[in-house]
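Observations on the three-dimensional arrangement
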Amino acid sequence: MPVLVMKFGGTSVATLDRIRRAAKRVGVEVAKGYDVIVIVSAMSGKTNELVGWVGETSPLYDAREYDAVVSSGENVTAGLMALTLQEMDVPARSWQGWQVPVRTTNAHSSARIEDIPPKNINTKFDEGMRVAVVAGFQGVSPEGRITTLGRGGSDTTAVAFAAAFGAERCDIYTDVDGVYTTDPRVSAKARRLDKIAFEEMLELASLGAKVLQTRSVELAMRYKVKLRVLSSFEEQSDTAGTLVCDEEEIMESNVVAGVAFSRDEAKMTLVSVADRPGIAASIFTALSDAGVNVDMIVQNIAEEGRTDMTWSCPTDQVARAQKAIEAAKADGTINYHEVIADTDVAKVSVVGIGMRSHTGVAAKMFQVLSAEGVNIKVITTSEIKISVLIDRKYMELAVQALHDAFELEKAA
Ligand code: ADP
Ligand code: ASP
Ligand code: MG
């Protein structure tokens, strides 16, 4: 029988009543003749609570135990969803990651899925089970320990199952009815897109639009999974929501498809480092060895053989970055006057594959920010995106002004 993957996020399984409503949607697809793989998240707020408990118990926690605790929210919802379906006379059972098994790397708290052998679940489908309810976000390492896939990881579980089972479609049910031109919580003028290209979705996700985890979009693109984002609060239909697809399937699109933002950014500057070959290599090797994810980088013009080096990284990595830089100074690898960290910044980005063939997007973006009196601290560009780092207090203003200036509320 054809297989469908249906993923329900935290708000869609937040209460027993919501689980019942989600289960009814699953029942409709089963009645159409699909074998369904349901991927569930933890009830909304649960994962944050578990993460908080780990931090309170052990500030420098063992990542393997972090995963053991934090993965447990999904186990509860998987069991409750299976019970709800059974109450509706739908043959269903729950599966935790290790039972499938969802084999991952051993990078605890940010593991990658390596393999999902479909045999165990398919045997149960052959025996008459109609729904496999799988706990999202979790897997098992080569050492047999529980792993998690990074925050928002249930999206990735869903797409990986769709690829492994050759599913007809992977439907991501969430609290918005699709992918919008920007986060509808920040701009009331945000417009829902019927379709969005994989490349654009990948950029939006990696630049902060949390509607899909970045890795899930990468996998969907690589394995050609038909990926749809839709609301679990609206009427069920086969065409609702946003389809994430190849750009060839989209007839008309705006030059800029969307605006993304990330509050979780910090800017760090090394003041007065020697301007000599190898200096960038020394700084960024020290940061990379310490596991700091550097995003934007700027090097100032040198004066009298000294220069400043600035980079951005996630706010929660500032302490680690500082430690790594100080250690490199202590062992003589680098020499600088001062290290400054600014944690009151945000990144705002415009994304669109139309930028490949249109000029002037950067100029317009900078004019709009200048008209609003927003100072740009760092700029980076790629073929299909332009990102700026600005003071966090201007983030909403910048997103709304850019959304207006690029007329994103209007379809192409
Ligand atoms: P779930 O718990 O279902 O996984 P998430 O909270 O992870 O849901 O993702 C959905 C949220 O993503 C929305 O409520 C919305 O605020 C946010 N979001 C950010 N950018 C966008 C966008 N461009 N389009 C739609 N939603 C977005
Ligand atoms: N529950 C996990 C989280 O909150 C995974 C997910 O919801 O996708 O990050
Ligand atoms: Mg999510």
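Residues numbered from 1 in each chain as written. Chains lettered and ligands numbered in written order. Predicted model: local features only at pLDDT ≥ 70, side-chain atom pairs only at ≥ 80, totals over all residues. Heavy atoms only, no water.

Considerations on the site of ligand 1
Residues in contact with ligand 1 amount to 16 residues; listed here are only the nearest, Thr 174, Asp 175, Tyr 180, Asp 183 and Arg 185. In this structure, an oxygen atom belonging to ligand 1 sits 3.2 Å away from a main-chain N or O atom of Gly 10. Thr 174 has a polar side-chain atom sitting 2.7 Å from an oxygen atom of ligand 1. In isolation ligand 1 exposes 580 Å². Once the protein is present, 89% of that is buried. (Near = heavy atom within 4 Å. Polar contact = N/O pair within 3.5 Å; in protein donor to acceptor, adjacent residues only side chain to side chain. Areas by Shrake-Rupley, 256 points an atom, 1.4 Å probe, with all protein chains shown as cover.)

Some words on the sheet that holds strand S14 (residues 297-299)
The sheet built from six strands is open, its strands ordered S14-S15-S13-S16-S18-S17 with antiparallel pairing. The open sheet terminates on both sides in strands that have one partner only, identified here as S14 and strand S17 (378-382). Ignoring strand direction, the axes of neighbouring strands in this sheet form an average angle of 25°. Bridging between S14 and strand S15 (residues 306-314) involves three bridges; their strand directions are antiparallel. Bridging from a neighbouring strand, Ile 297 pairs with Trp 311 of S15. Across the sheet, helix H10 (residues 318-330) touches strand S13 (258-274), S15 and strand S16 (338-351), and the angle it forms with S13 is around 20°. (Pairing = 2+ DSSP bridges. Helix = DSSP H or I, 4+ residues; strand = E, 2+ residues; numbered from the N terminus. Axes fitted to C-alpha atoms, helices over the stretch in contact; angles between N-to-C directions. Contact = heavy atoms within 4.5 Å.)

Quick notes on the packing of helix H3 (residues 63-70) against helix H4 (residues 72-87)
Interaxial distance between H3 and H4 falls to 5 Å at its minimum, and their mutual angle equals 25°. Classified by the interaxial angle, the pair formed by H3 and H4 is roughly parallel. Taking contact as the criterion, the partners of Ala 68, Val 69 and Val 70 in H3 are, on H4, Ser 72, Gly 73 and Glu 74. Each residue belonging to the contact of H3 with H4 can be placed in one class, and the counts come to three nonpolar, two polar and one charged. (Parallel < 35°, antiparallel > 145°, perpendicular 65-115°, else oblique. Nonpolar A, V, L, I, M, F, W, Y, C, P; charged D, E, K, R; others polar.)

Let's talk about helix H9 (residues 279-289)
Turning to H9, its buried residues are Ile 279, Ser 282, Ile 283, Phe 284, Ala 286 and Leu 287. Buried residues in H9 make contact with S13, S14, S15 and H10. Of the residues flanking the end of H9, it is Gly 291, one or two places downstream, whose phi is positive at about 80°. (Buried < 20%, exposed > 50% of the residue type's maximum accessible area, 1.4 Å probe, protein only.)

Re the packing of H9 against H10
At a minimum axis distance of 9 Å, the contact between H9 and H10 shows a crossing angle of 130°. The angle between H9 and H10 places the two elements in the oblique class. As H9 runs across H10, the sense of the crossing is right-handed. Of H10, the residues touching H9 (which contributes Ile 283, Ala 286 and Leu 287) are Ala 321, Ala 324, Ile 325 and Ala 328. For the contact of H9 with H10, the per-class residue count stands at seven nonpolar, no polar and no charged. (Left-handed = near helix turned anticlockwise from the far one by under 90°.)

With respect to the side chain of Thr 157
Secondary-structure assignment places Thr 157 in helix H6 (residues 154-164). On the basis of relative accessibility, which here comes to 0%, the residue Thr 157 falls in the buried class. Once residues within four sequence positions are removed from consideration, Thr 157 is found in contact with Ile 39, Ile 113, Ala 135, Gly 136, Phe 137, Gln 138 and Leu 149.

Some thoughts on the packing of aromatic side chains
For the structure on display, the rule yields four aromatic pairs. Centre to centre, the rings of Phe 161 and Phe 165 are 5.9 Å apart; their planes meet at 10°, and the pair counts as stacked. Overall, Phe 161 belongs to the buried group, its relative accessible area being 0%. An angle of 80° between the planes, with centres 5.8 Å apart, marks the rings of Phe 284 and Trp 311 as edge-to-face. Of this pair, Phe 284 sits in helix H9 while Trp 311 sits in strand S15, and the two are 27 residues apart along the sequence. Overall, the relative accessible area of 16% leaves Phe 284 in the buried class. The class for Trp 311 is buried, based on a relative accessible area of 1%. Between Arg 93 and the ring centre of Trp 95, over which it is positioned, the NZ or CZ distance is 3.6 Å. The ring of Tyr 336 is capped by Lys 329, whose NZ or CZ atom sits 4.4 Å from the centre of that ring. (Phe/Tyr/Trp six-rings, centres within 6.5 Å; stacked < 30°, edge-to-face > 60°. Lys NZ or Arg CZ within 6 Å of the ring centre and 35° of its normal.)

Function-wise, these values are silent; they only describe arrangement.
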